[in-house]
Amino acid sequence: MCANRSNKVKKISFTLPEREGEMLKSYAAELGISRQTAVKRMVREALKQYKASSMSSEPRNQLGLFDTLQIDIFNNASKISE
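Chains are numbered independently. Their residues run from 1 in the order of the written sequence. For this predicted model, a pLDDT threshold of at least 70 governs which residues receive local features, and a threshold of 80 or more governs which side-chain atom pairs are given and counted, while totals over whole chains, interfaces and linings are taken from all residues. Calculated side-chain values reflect all of the structure's heavy atoms, with hydrogen atoms and water omitted.

## Let's talk about the overall build of the chain
Note the cut-off: Helical segments are the DSSP runs of H or I of at least four residues, strand segments are the runs of E of at least two, and each set is numbered from the N terminus. With a 1.4 Å probe rolled over the protein chains alone, any residue whose accessible area is under 20% of its type maximum counts as buried; one over 50% counts as exposed, and the rest are partly exposed. Shrake-Rupley sampling with a 1.4 Å probe provides the accessible areas, and residues are treated as covered by the protein chains on show and by no other component.
Within the chain one finds 2 helices and 2 strands. Here the chain holds 82 residues, and 6% of them are scored as buried. Of the roughly 8800 Å² of accessible surface on the chain, a fraction of 53% belongs to carbon and sulfur atoms.

This is the structure:
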């Protein structure tokens, strides 16, 4: 059986100042695409960059299960943070 799955689309509307609207219009015209497509591409690229940068950082709430401990000559333990 092949299930017919449709993509769920979240509609978002926003307003731009006139100057930015004109810049978007000229950007889209330069690429030969619609303004809607230009905005989708911009958002998609920004989200890709965000995802790449957020994946490289480790969450701070990992309970320190794999932290490296260092014991000095006075038998004091301290956590090494990188």
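## Observations concerning the pattern of salt bridges
When their charged atoms lie close together, side chains carrying opposite charge are able to pair. The condition is simple: Salt bridges, as used here, are contacts in which a Lys or Arg side-chain nitrogen is within 4 Å of a carboxyl oxygen on Asp or Glu.
Under the counting rule described, the total for this entry stands at 1 salt bridge. The salt bridge involving glutamate 45 is made with lysine 48; its shortest N-O contact spans 3.6 Å. Taken together, the residues span about one helical turn, with glutamate 45 and lysine 48 both in helix 2 (residues 35-56) at a distance of 3 residues. Residue glutamate 45 is classed as partly exposed on the basis of its relative accessible area, which comes to 41%.

## Notes on the confidence of the model for the chain
Operational definition: Values of pLDDT, which run from 0 to 100, indicate the predictor's confidence residue by residue.
Across the chain, the average pLDDT comes to 80, with 63% of residues at or above 70. Mean pLDDT in the chain bottoms out at strand 2 (residues 77-80), which sits at 61, and peaks at helix 1 (residues 18-31), which reaches 96.

## Some words on a nonpolar patch on the surface
In plain terms, the rule: Note that patches include only residues with greater than 30% relative accessible area and no salt bridge, and the join distances are 9 Å for like charges and 5 Å for nonpolar side chains (Val, Leu, Ile, Met, Phe, Trp, Tyr).
A surface patch of nonpolar side chains, amounting to about 330 Å² of accessible area, comprises Ile12, Phe14 and Leu16. Looking at the element boundaries, phenylalanine 14 is found in the segment before helix 1.

## Some details on helix 1
The line we're drawing: For a helix, the expected span equals 1.5 Å multiplied by the residue count minus one.
In this model helix 1 runs 20 Å from its N-terminal to its C-terminal C-alpha over 14 residues, within 8% of the 20 Å that 1.5 Å per residue would give. Following helix 1 by one or two positions, glycine 32 has its phi on the positive side, about 75°.

## Overview of the nonpolar core
To be explicit about the condition: As used in this record, nonpolar core signifies buried Ala, Val, Leu, Ile, Met, Phe, Trp, Tyr and Cys residues forming a set joined through side-chain atoms within 4.5 Å. Contacts are assigned to residue pairs with any non-hydrogen atoms lying within 4.5 Å of each other.
In this structure, Leu24, Ala28, Ile33, Ala38 and Val39 together form the largest nonpolar core, which totals 5 residues. Of all the secondary-structure elements, those providing two or more residues to this core are helix 1 and helix 2. The residues contacting alanine 38, other than those within four sequence positions of it, are Leu24, Tyr27, Ala28 and Ile33.

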